[in-house]
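Here are the chains, one letter per residue:
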Amino acid sequence: MDDKVIEKTVIQKVEDALQAIRPYLEADGGDVKVLEVSEDGVVKMELLGACGSCPMSTMTLKAGVEDAIKRAVPEITRVEAINVTAHDDPNAQLPERFL
């Protein structure tokens, strides 16, 4: 089987897993975008909207996004975001509902 076909299948499974949690991200003004899935099962993504500047983004990524993806797609070993905001970043902003 062609590697590109396998990669698209894994990416589609990841996207399907994200659909289950996307409403929760969107409720706080955020979202995620899958950038790539490596051969060793690492998903690289970008946090969008409020998720990109939220000090809780690390927790959201690990406890929410990564957990949902790994439960649905066991071949995924890790999820990384290219733009996680540190909890102590002075420019970090909580979603309005937390203020």
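This text gives an overview of the structure that appears in the document. For every chain, the first residue of the written sequence is number 1, and numbering continues from 1 onward in sequence order. The model is predicted, so local features are restricted to residues of pLDDT at least 70 and side-chain atom pairs to those at 80 or more, both for listing and for counting; the totals for chains, interfaces and linings are taken over all residues. In computing side-chain values, all of the structure's heavy atoms are included and hydrogens and water are not.

## Some remarks on the pattern of salt bridges
Threshold: Whenever Lys or Arg places a side-chain nitrogen within 4 Å of a carboxyl oxygen from Asp or Glu, that contact is recorded as a salt bridge. Helix and strand definitions here come from DSSP, where helices need a minimum of 4 consecutive H or I residues and strands a minimum of 2 consecutive E residues; each element is numbered from the N-terminal end. In this scheme, a residue with accessible area under 20% of its type's maximum is buried, one over 50% is exposed, and one in between is partly exposed, where area comes from a 1.4 Å probe on protein chains only.
Tallied over the full model, the rule gives six salt bridges. Lys13 is the partner of Glu75 in a salt bridge, and the nearest nitrogen-oxygen pair spans 3.3 Å. Of this pair, Glu75 sits in the loop between helix 2 (57-72) and strand 3 (78-81) while Lys13 sits in helix 1 (residues 3-27), and the two are 62 residues apart along the sequence. For Glu75, a relative accessible area of 37% corresponds to the partly exposed category. Members of the salt-bridge network, linked through shared partners, are Glu15, Arg22 and Asp31.

## Things to note about the pairing of strand 1 (residues 30-37)
As a reminder of what qualifies: Two strands qualify as a pair provided that DSSP identifies no fewer than 2 bridges between them.
Bridge count between strand 1 and strand 2 (residues 42-49): seven bridges; the pairing is antiparallel. Following the sheet pairing, Val37 is matched in strand 2 by Val43. Between strand 1 and strand 2, which pair antiparallel and follow one another directly, the connecting turn spans four residues, one of which, Gly41, has a positive phi of 85°.

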